[in-house]
Every structure is written in C-alpha cells, then in structure tokens.
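Chain residues, written in single-letter form:
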Amino acid sequence: MTVTDDRPAAVLGTRMLRREDPALLTGEAKYTNDLALPGALSLALARSPYAHARILSVDLSAALAAPGVVAAYAGADLSSLWAAPMPCAWPVTADMKNPAHYPVAIGKAAYVGDAVAVVLATSESAARDAVELIDVQYEPLPAVVDLEDALSDRVVIHDELGTNKSYTWDLKIEDHEGAIDEAFASAAHVVKERYVQQRLLPMAMEPRAVAAVPQPFGGDITLYSSTQVPHILKIMSAITLGIPEHQVRVTTPAVGGGFGSKLNVYAEELLCLALARKHKVPVRWNEERTENAVATIHGRGQIQHMELAADAAGKITAVRVRILGDMGAYLQLVTPGIPLLGAFLYAGVYDIPLYDFSCTSVFTTLTPTDAYRGAGRPEATYAIERAVDTLARQMGIDPMELRKRNFIKKEQFPYTAMTGLVYDSGNHLAAAEKAAGLADYEGVRARQATQNVPGATTLLGIGQASYFEMCGLAPSRVLASLNYSAGGWEAATVRVLPTNKIQVVTGTAPHGQGHETSWSMIVADKLGVSPDDIDVLHSDTAIAPLGLDTYGSRSLPVGGVAIAMACDKVIDKAKKIAAHQLEANEDDLEFSGGTFTVKGSPGKTMPLAAIAFEAFTAHNLPDGLEPNLEAHVTYDPPNFSWPFGTHICTVEVDTETGQVTVLQYVAVDDCGNQVNPLIVEGQVHGGVIQGLAQALFEEAVYDDDGNLKNASLAEYLVPAASDVPGLTLGFTVTPSPTNQLGVKGIGEAGTIGAAPAVINAVVDALSSLGITNMPMPASPHTVWNAIQHAQNGASK
Amino acid sequence: MKISVTVNGTVHESDVEPRTLLVHYVRETLGLTGTNVGCDTSSCGACSLHLDGEAVKSCTVLAVQADGAQVTTIEGMATDGEMHPMQKAFMENHGLQCGYCTPGMVMAATSLLKENPNPTEAEVRLGLEGNLCRCTGYHNIVKSVLACAAGE
C-alpha cells in the first residue's frame, strides 16, 4: 500500500489481509522442527505404559550400546539438574496439595506417558530406536480413572500426600448461605442436573517441538519452543533449572496453533535446556502425534452438579454449583486454576441474586489437565445454559422467552454481580434477537410443530446458548485475590526510526491470530502512517524482554491497548518537538493524519517524519527532552474484558441411527469494536467448530486401567471439513468502556457458545421422546442409546 | 538405495535408506521444510504434496517409490515470485491462521480442482476430508477453494 494522500485511508476496522500469510502459504515460514541445527543431538523419551506403577529398575545398558546413542538417563540420574520441581503457578488455596513433579519420574509413574528415561542420540531415529531398548521393571499399581473413585481415596496416587484431593475452593458470598437454602426450599421450580465435561485432546496441528542451543562460552542458552508463552517459559525455566534468568533467551519461530496446550512449562523444554547445558551441544525434541496425545495436557475433565431455583414466573433466584475437577496425575502450570476461571460465570448472562460455588479437585492416574480454549468458561456456560433449557422445559415455556425474563438488562450496565465482579457493558437482548432473526427461530419452531409428530424418525431441534465471557486476563490485583502467582499486564514499545519507519515491540506471542497485522493497524490508525511502514516484533525475549504472552483472549484488550497507549506517548513527545520547532504552544497543536498543525494557521505544519529525524539528530530539541522518538507502556487493565453473544444451532436427529445433522449454526458475538473483522470472523469460525466438536465428536476415552484408547488422529475425532457445517455469523457492537479502543477478546467466544447450543438443540429435538439430558459427545451411538433407553422406559 | 527424483523442476540424485519416507526425504535431505508433519497415522494431510501431478500424503510413500517421479511441494507452487491462484485465494479469504495445515491443504485443494474444476461446497468439503485443520473451522478454507474455482 502506498500513501498517495496526506491522510492515509482509515485502516482500523477494515478487512485488511494478513501480512503473515505469504510466508505461511509458500512454505517459507519456519516452525521449530524446521530449524537446521548442525551438530544437534536428538532427545527421545521412554514413557510409562502403566497408568500407575512403581519403577523398580531402569536398565539403560542396551540403549547406551546402540548406534548413535550419546547418553541415556533415568529420572534419578537427573536429580542434580533441577533446582526446583516443575512449576505450578496457581496455588489456589493455602493448603492445596501439590506433589513434587520432575521432568523424568523418580520412583513412580503416575500416568500412561509419564517419562521414565531419556536418550540423547545423533539422530531422531537413533534416539527413538534406542528408547525401545530401555528395560524398565515396573510393579503395576491400580489405576484411578474415575473422579468419584479418586475422591474416595480407595487408591492414593501420591503416597506423600495421603489423599487424592488437591483442594476445595469456595466462592461463598457473605450472607448467601442461609438465604440460598431458603431460596431452594421456597422455589416454585428447581432444576438439579449433573453434567460431565469430558476430557478433550487439544490437538494443535503442530505437535510440540523444542530445541535448546547453548553458546560455547559464557553460559548463555537459547530455547526455541513451540510455545504460547515465551516470557513465562523463560522465567520458569530459569527458576526450575537454577540458570540466571538473564542468560536464558526464549524465542518461538512460527507456532502451529496452541489452544491453551502450549501455555505451559513442559518436561521436554526443561530436559532440552538442562541436557544442552550439560553436554554443551544443541539438543532438540520433536513430539510425535501419538506421543502428543498423552504427553501434552488435556482439556476440560469436570463433573458438574448444577442447581437452579426459580419463582413461578421463571425468574431465577439462586444458583448452586458443585464441581469435581480432574487434575490428572500432576499439577501443570495453571492446572488447579482452570475451574476458578469459570467459577464466576455459572450465573451466565442472568440477573440472579444468590450464588454458591464450590470446586473440589482430585488427582487421577491420567495425563494432567490444564488450559484448553475457554478454560473453565465453556464449562460454566455449558452448565448454566443447559440448566436454563431444562427449567424452560419443566415450566413449559420457550427457552428464548425464559432467557429474556432473566437477562441482565442493557440499562443495568455497568452491572455489579453478586460475586463482586463488575460487568462493564452488555446488551444480551440485542444479541439474542439478532441471532433469533438470523436463525429464523420462529420459523424453525413452526416447522418443528409439523415435523416432530408421533412416529417421525427425523426430529428437528433448535438450541440456544447466551454467554458472557470473563477474559482479557488481566487485572493483576484480581488475579492476586485468586492466588495466581503472576500479574496480567502487557508491555508495548513503539519506536519511530529516523526514516519514519516504525518498530512495535509487543509482549504478546501469536500462534495463528495475526497479531502482526492487527497491531500494525492500531499503530497506523494512531500515528497516521501506512501499515506497511510498521514492523511488529514479538516472541523473542531478547527483542521483547517484557510480556505475559497470549492466552485467555487477552492479546488485544491488554496487549493491543498497551500499543495504542504507547502511540499516545509517542505523540505527546513528538508534540513537544513540533511545538518547539514551530514556535507554537503545545495546546495549539493538532495531530491528524501523521502531521501536527497549528490551530488557525494551516500553513504551519510538521509531519511525524520530520519530527522523527529531528528526534534522532537531536540538534534542536526542547531543553531537557531526551533524543529519539520511542515510548514504552506497561498496561494493567482495571477490569476483565466482557464479550458476550448468543449462538443458535438447528439440528435434525435421525432416531433410527442416532445421527445428528447440524442444519444451521448462527453465532452472534459482541466483542466491542473490531480492529479487523476478517480476523474476528476467523476466530469465531474456529472456536465454534472446536466447541461443536466437543458436543458431537471428541472425547479422550480411557479404559479402566488408565490406557488412552484413542491416542491418535486416526481414532480421536478431530472433525474434518465434511463433518461440520458452514457458519452464519452476526455481530452486535457494544464498545468496552474500559479501554480506549473499545475492544474485547474474541479468541474463546466461539468455543464457549457452541457446546451448549448444540446439545440444547439435540435435547430439544428429542424432548418429545422424554429425553432431558444428553452426554457429550452426542455420537450416533450415545444418541441412539439414549433414544432406546427413553423408549424402553416409556413402554414399561 | 539410489534414486532420481525431480522436485519442483530440479532433478535430485540421492542415496536414501529404504525406510525413508518421502516426507522425510523432502524435509531432511532436500531441506524443503514447507511440507509439514502433523501426525503419525496418515490422518492429518499436513504432508500432502503432488506426486506426478496428484496430491498424496507423503508420509504414506517411501522415497524410493518416488524414483523417477515428478514431485511438487508447496515451495514449487509460486512461479516467478507470484503465488499460485490457490495460495492467493487462501490469503484473500483468510483460509489460514496458524498455517501448519496450509501447505497440505493448498496441495490437496489444487489437486481437487484439477479433478473437479467446478465443485459444489459439499464436494469441496468431501474432497478435503483427508486434511485436518484446527484453527479455521474450515469455513474460510472452503470459501477459498470455491473462490479459486470461480476464478475470483
């Protein structure tokens, strides 16, 4: 794009194509495992085939004798390399139980896939071949797969803890406890449901990959990793390995998706770092997909007990929630905090006065769980939105109508919830009505009345989910009150180079979200320059030393806003230079289209380009003003970001096969102002299909011995294009009053709305058969079984 | 074993281990890392390339089977610095996010249009069922392929 006008065309809010794409489309982009590292050793891991076993002995001799093998270690051989166990950054309660967890297990393996030994060899194939020669003697112990069984302590997994319970965390509102019991006792309608959030495999298309490259002298080391969190990884690896933090540089080449699964500090990252330092050569590891299925964190994994009380008019008066959370075998980086991210959202979009939440989390002998797209919030939204539909069915009123009776109204914003959080803005009725229009809600209800007659074998259903999302993970003081170990700020530097080209340094760490494009649009808008003159630097702690990375739909409402604020600081400084050189009062200067103009004197102007060069030469700056035009901002938002919306799904269910066919999916989302609608839509598309996949296809299936039975992409049903529908999107725009761009996060919204909308539609289709609940995934087998059970029950 | 393979128009004479997969040959021997590996069960299609003009998952082909064949990888799709119409269609329709499935998706999609130049949406979805994407929900991938077919 060339600027031919004094005023560049507006860029904010346009569908600008992504600058990231040419490199990705031509194969030029490098992912971590594409890096050429001459002399690197490959690392491979022996992993436990047992879910729970004592490690009696590890015989490495055959592996050490194999061709190309340089070294091999069991867990105990590596103890001296760790200054601390693997990190958990979220001790949610003071008495939370957290077993010591090391990159290679010592004494006991606690899930299938737990590393028990490691090999270094001159090639990847040599390392993997040698792993097969390691002889580990195990004493198998009983697996703990079921959450309620785990809670019973029938088998205690971590002997030193004496229990499988990690913690109980309560969100009890003062004075609510007695009032809640009373509300339920006096309610006209009560809903009491149990939902299971099945375990999911995140399955980012790029498996994880790591390479650690030590400098030959001086002790510096560079870690390349397919991670969402280079900054957090740098700090945590310095602490865990006892390396001075300033000697660790973490950088991420192109990253092939994350969805939360790369928001972690993994054993393989620590092993590559530690062994590269020990052997003084680069060490790399590439994850295989079947390895990814057990060695990378899983998502969800909760049993939810959801209760609603409502009065005769259907006004919901109280919510009571009891969660049993599956932590897996160990606590990874933020494992215990995931249920807390949903803890505030079980009242959904409704004006509900009484609230009671409690979560107990347990260890199982399964892969650790942690953040997966939405992290706690999809679970919460699922529970409230499913329960509201159940209440509507009990009362015999339309679920859309029941929602309208309970929505927090537009005029109630900013709304202080009973949990103490302030929802800064919202307009749920507008989003719901827009979605209803796009979905032809009334039309589908009319068709349903004629189609779903007794004996019909193709039943029509329509389901809705309205959501509120607490994202843009931020206010550091609020995170502190939840016992999170870090803050939620984001850093930005905007640097105008002498030739008026601009460098933006951001602490966000994109892995598919198009930050380079969006951040350049923000700066172009602020400074009145072409986006092509802006370079966005990120994901390298040597270039962008400060940052808290990308997760929780935080990058735009925290990182993007920080960039806009840094632009304001640049303009403030430029104004001082312009005022000095134009011999004008600062207050008389206007900045527009990249140029300062003296009010009332249109001839007296100074463009940013001239100011940038003046700032560089420093020949004629105001007294006391530092040379160069650069500003740094660290922004800690005063509130979370509160996107919302309504999704409506229309399905047909074949009662003879159990097959669910999605006829239409409508998503109406409100993420405030949109920097780039093209990218916003892409985020919603991907999020919706991931949520729909939880509803219809995906589940990590374990047998009673703790073996993952579908640990590959041949068996785990990540949907293909032919399995899913096209999507109809709509948007309402309620700008955030919390930040100057009026923006809210959008990365997780689709996933949050989709699962309850789809399952509500399936249950709606089958409600005439007496079906009121449907486990996820609603596979043909599960649906068919539910229909058989309902029909057999009815015939008795 | 000695093989001779023409990759993106250049003849390569190589000595490979018989067990070497075509994907590892192009990535490691030839350094063409645009072809990605996303699974180990031939499920994801990230490694799709053209073998004698037809899209194949290069993890299902041994390098020695490509002896004497013409191979095109994603690096060979652009001509004279100009992206292939399918690559352009993906860019213009936001048919990619993280980009990891994208090379395979582009190779599969061009092969699909060669067989069926005017597919319906359903035919595009079915034709791409061997290629998985986790970011886009496929909506804009399908849109990209239809746009390319329509010459947009």
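Residues numbered from 1 in each chain as written. Chains lettered and ligands numbered in written order. Predicted model: local features only at pLDDT ≥ 70, side-chain atom pairs only at ≥ 80, totals over all residues. Heavy atoms only, no water.

What to know about the pairing of strand S11 (residues 248–251) of chain A
Residues and elements named next belong to chain A.
1) Next: As paired elements, strand S10 (residues 221–225) and S11 share 4 bridges and run parallel to each other. Bridge pairing links Tyr 224 to Thr 251 in S11.
2) Next: Each parallel crossover has a hand, and for S10 linked through helix H6 (residues 230–241) to S11 it is right-handed. (Pairing = 2+ DSSP bridges. Helix = DSSP H or I, 4+ residues; strand = E, 2+ residues; numbered from the N terminus. Right-handed = clockwise from strand over helix to strand, strands pointing away.)

With respect to the environment of A:Leu241
Residue and element names in this part refer to chain A.
1) Next: Looking at the secondary structure, you find Leu 241 in helix H6.
2) Next: Overall, the relative accessible area of 10% leaves Leu 241 in the buried class.
3) Next: Considering only alpha carbons, one finds Leu 241 and Ala 615, 374 residues apart in sequence, at a separation of 43 Å.
4) Next: The residues contacting Leu 241, other than those within four sequence positions of it, are Leu 81, Trp 82, Ala 83, Leu 270, Leu 273 and Ala 274. (Buried < 20%, exposed > 50% of the residue type's maximum accessible area, 1.4 Å probe, protein only. Contact = heavy atoms within 4.5 Å.)

Observations concerning the sheet that holds strand S3 (residues 69–74) of chain A
Two pairing modes exist for strands in a sheet, parallel and antiparallel, and in both the strands are linked by backbone hydrogen bonds.
Residue and element names in this part refer to chain A.
1) Next: Read across the sheet, 7 strands follow the order S3-S5-S1-S12-S9-S10-S11 without closing on themselves; strand pairing throughout is mixed. Looking along the sheet, the strands with just one partner apiece sit at the ends: S3 and S11. Here the average twist between neighbouring strands, direction ignored, is 20°.
2) Next: Sheet topology places strand S9 (residues 209–214) next to S10; 5 bridges connect them, and they run antiparallel. By the bridge assignment for S10, Ala 211 is matched with Tyr 224.
3) Next: Contacting strand S1 (41–47), S3, strand S5 (115–121), S9, S10 and strand S12 (283–286), helix H7 (residues 267–279) crosses the sheet at an angle of about 25° to S9. (Axes fitted to C-alpha atoms, helices over the stretch in contact; angles between N-to-C directions.)

Re the packing of helix H10 (residues 377–395) of chain A against helix H19 (residues 749–766) of chain A
All names here are of chain A.
1) Next: Interaxial distance between H10 and H19 falls to 8 Å at its minimum, and their mutual angle equals 30°. When the axes of H10 and H19 are compared, the pair comes out roughly parallel. With respect to the hand of their crossing, H10 and H19 are arranged in right-handed fashion. Residues Arg 377, Pro 378, Thr 381, Tyr 382, Glu 385, Arg 386, Asp 389 and Arg 393 of H10 form the contact with H19, whose own contacting residues are Thr 751, Ile 752, Ala 755, Pro 756, Ile 759, Asn 760 and Val 763.
2) Next: When the residues that make up the contact of H10 with H19 are grouped by side-chain class, the tally is 7 nonpolar, 3 polar and 5 charged. (Parallel < 35°, antiparallel > 145°, perpendicular 65-115°, else oblique. Left-handed = near helix turned anticlockwise from the far one by under 90°. Nonpolar A, V, L, I, M, F, W, Y, C, P; charged D, E, K, R; others polar.)

Comments concerning the pattern of salt bridges
1) Next: Counted under the stated rule, the structure contains 44 salt bridges over all chains.
2) Next: Taking the shortest distance from any N to any O, the salt bridge between A:Asp398 and A:Arg445 comes out at 3.0 Å. Here the residue A:Asp398 occupies a position in the loop between H10 and helix H11 (399–406), and A:Arg445 occupies one in helix H13 (residues 441–451), the gap between them amounting to 47 residues.
3) Next: B:Glu17 is the salt-bridge partner of B:Arg19, the closest N and O atoms lying 3.3 Å from each other.
4) Next: The class for B:Arg19 is partly exposed, based on a relative accessible area of 48%.
5) Next: The network of salt bridges with common partners includes A:Arg47, A:Glu124, A:Arg128, A:Arg208, A:Glu268, A:Glu287, A:Glu288 and A:Glu291. (Salt bridge = Lys/Arg side-chain N within 4 Å of Asp/Glu carboxyl O.)

Some details on the interface of chain A and chain B
1) Next: Listed per partner, the contact involves 52 residues of chain A and 41 residues of chain B.
2) Next: Counting each side, the surface lost to burial between chain A and chain B is near 3900 Å², with a carbon and sulfur contribution of 58%.
3) Next: A per-residue breakdown of the area chain A buries against chain B is headed by A:Leu25, A:Met205 and A:Ala721, which together make up 19% of the total.
4) Next: Counting every contact that joins chain A to chain B gives 3 salt bridges.
5) Next: A:Asp129 serves as the salt-bridge partner of B:Arg19, at 3.5 Å between the closest nitrogen and oxygen.
6) Next: On the surface where chain A and chain B come into contact, there are 24 residue pairs in polar contact (both at pLDDT 80 or more).
7) Next: Broken down by secondary-structure element, the contributors of at least two residues to the side of chain A that touches chain B are helix H1 (21–26), helix H3 (124–131), helix H8 (289–295) and helix H18 (677–696) of chain A. (Buried area = accessible area lost by both parts, 1.4 Å probe. Polar contact = N/O pair within 3.5 Å; in protein donor to acceptor, adjacent residues only side chain to side chain.)

What about empty space enclosed by the protein?
Residue and element names in this part refer to chain A.
1) Next: Enumeration over the complete set of coordinates arrives at 8 cavities of 30 Å³ or more.
2) Next: Along the wall of the largest cavity there are 50 residues; nearest its centre are Gln 513, Thr 550, Ser 553, Arg 554 and Gly 747.
3) Next: Counting residues per element, the ones that place at least two in the lining of the largest cavity are helix H9 (338–343), helix H15 (515–527), helix H16 (555–582) and H18.
4) Next: Grouping the amino acids of the lining of the largest cavity by side-chain chemistry returns 22 nonpolar, 23 polar and 5 charged.
5) Next: Volume-wise, the second largest cavity comes out at about 110 Å³.
6) Next: Forming the boundary of the second largest cavity are 14 residues, of which Arg 47, Pro 103, Tyr 111, Ala 267 and Glu 268 lie nearest the centre.
7) Next: Considered class by class, the residues forming the lining of the second largest cavity number 8 nonpolar, 3 polar and 3 charged. (1 Å grid on protein atoms, 1.4 Å probe; cavity = no way out; pocket = protein on both sides within 12 Å on 5 of 7 lines; lining within 4 Å. Points joined across faces, edges and corners; volume = space filled by probe spheres on them.)

Some thoughts on the layout of surface pockets
1) Next: Its boundaries defined by the atoms lining it, the largest pocket holds a volume of some 1300 Å³.
2) Next: Along the wall of the largest pocket there are 49 residues; nearest its centre are A:Glu124, A:Ser125, A:Asn286, B:His24 and B:Glu28.
3) Next: If you list the elements that add at least two residues to the lining of the largest pocket, you get H3 and S12 of chain A together with helix H1 (22–29) of chain B.
4) Next: A per-class count over the lining of the largest pocket returns 17 nonpolar, 16 polar and 16 charged.

Observations regarding the pairing of S10(A)
1) Next: Most of S10(A) is tucked away, with 4 of its 5 residues classed as buried.
2) Next: What sits between the antiparallel neighbours S9(A) and S10(A) is a turn of 6 residues, in which A:Gly218 has the positive phi angle 95°.

Examining the confidence of the model for chain B
1) Next: With 100% of its residues at a pLDDT of 70 or more, chain B shows a mean pLDDT of 97.
2) Next: Two summary scores accompany this predicted model of the complex, namely pTM at 0.97 and ipTM at 0.99. (pLDDT = per-residue confidence, 0-100.)

Some words on helix H17 (residues 608–617) of chain A
All names here are of chain A.
1) Next: Taken as a whole, H17 has its buried residues at Leu 608, Ile 611, Ala 612 and Ala 615. Considered in projection along H17, the buried side chains sweep an arc of 105° and stay on one side of the axis.
2) Next: The inward-facing, buried residues of H17 abut strand S19 (490–496), H15, H16, strand S23 (595–598), strand S24 (601–607) and strand S25 (629–635).
3) Next: Phi turns positive one or two residues past the end of H17, at Ala 618, with a value near 60°. (Arc of directions from axis to C-beta.)

Details of the domain arrangement of chain A
Residue and element names in this part refer to chain A.
1) Next: According to the domain assignment, chain A consists of domain 1 (21–29 + 489–635), domain 2 (39–141 + 207–255 + 262–295) and domain 3 (391–468 + 641–795).
2) Next: Centre-to-centre separation of domain 1 and domain 3, based on C-alpha positions: 41 Å.
3) Next: On the domain 3 side, the residues contacting the 17 residues of domain 1 number 15 residues.
4) Next: Buried surface at the junction of domain 1 and domain 3, both sides included, amounts to about 1200 Å², of which 64% is carbon and sulfur.
5) Next: It is Ser 553, Leu 556 and Pro 557 in domain 1 that bury the most area against domain 3; as a group they hold 36% of the surface buried on that side. (Domains from an automatic or database assignment.)

Quick word on the packing of H6(A) against H7(A)
All names here are of chain A.
1) Next: One can describe the packing of H6 onto H7 by two numbers: an axis separation of 11 Å at closest approach and a directional angle of 60°. Viewed along their axes, H6 and H7 adopt a mutual orientation that is oblique. The interaxial crossing formed by H6 with H7 has right-handed handedness. Counted together, Leu 233, Ser 237, Thr 240 and Leu 241 of H6 and Glu 269, Leu 270, Leu 273 and Ala 274 of H7 form the full contact between these two elements.
2) Next: Here the contact of H6 with H7 is composed, by residue class, of 5 nonpolar, 2 polar and 1 charged.

Some remarks on the domain arrangement of chain B
Residue and element names in this part refer to chain B.
1) Next: Segmentation of chain B into domains returns domain 1 (2–76) and domain 2 (85–149).
2) Next: Distance from the C-alpha centre of domain 1 to the C-alpha centre of domain 2: 21 Å.
3) Next: On the side of domain 2, 14 residues touch domain 1, which itself brings 18 residues to the contact.
4) Next: Carbon and sulfur atoms make up 54% of the area that domain 1 and domain 2 hide from each other, which totals about 1200 Å².
5) Next: At the boundary of domain 1 and domain 2, one finds 0 salt bridges.
6) Next: The interface formed by domain 1 and domain 2 holds 11 residue pairs in polar contact (both at pLDDT 80 or more) in total.

Comments concerning the sheet that holds S23(A)
Residues and elements named next belong to chain A.
1) Next: Strand order in the open sheet formed by 3 strands is S22-S23-S24, with antiparallel pairing between adjacent strands. The open sheet terminates on both sides in strands that have one partner only, identified here as strand S22 (589–592) and S24. Averaged over all pairs of adjacent strands, the angle between their axes in this sheet comes to 30°, without regard to strand direction.

Some details on the environment of B:Lys114
Residues and elements named next belong to chain B.
1) Next: Here Lys 114 shows up in helix H3 (residues 102–115).
2) Next: When its relative accessible area of 60% is taken as the criterion, Lys 114 is described as exposed.
3) Next: Separated by 59 residues in sequence, Lys 114 and Ala 55 place their C-alpha atoms 10 Å apart.

Side note on the packing of aromatic side chains
All names here are of chain A.
1) Next: For the structure on display, the rule yields 19 aromatic pairs over all chains.
2) Next: Each ring, one from Tyr 50 and one from Tyr 138, has its centre 5.2 Å from the other, and the planes form 65°; the classification is edge-to-face. One end of the pair, Tyr 50, is in the loop between S1 and strand S2 (53–59); the other, Tyr 138, is in strand S6 (residues 135–140), and 88 residues separate them in sequence.
3) Next: A residue is classified by how much of its surface remains accessible, and Tyr 50, at 35% relative accessible area, is partly exposed.
4) Next: Where Tyr 423 meets Trp 642, the ring centres are 4.6 Å apart and the plane angle is 50°; that geometry is what we call tilted. One end of the pair, Tyr 423, is in strand S17 (residues 422–423); the other, Trp 642, is in the loop between S25 and strand S26 (644–654), and 219 residues separate them in sequence. Summarising the burial analysis for this pair, Tyr 423 and Trp 642 share the class buried. (Phe/Tyr/Trp six-rings, centres within 6.5 Å; stacked < 30°, edge-to-face > 60°.)

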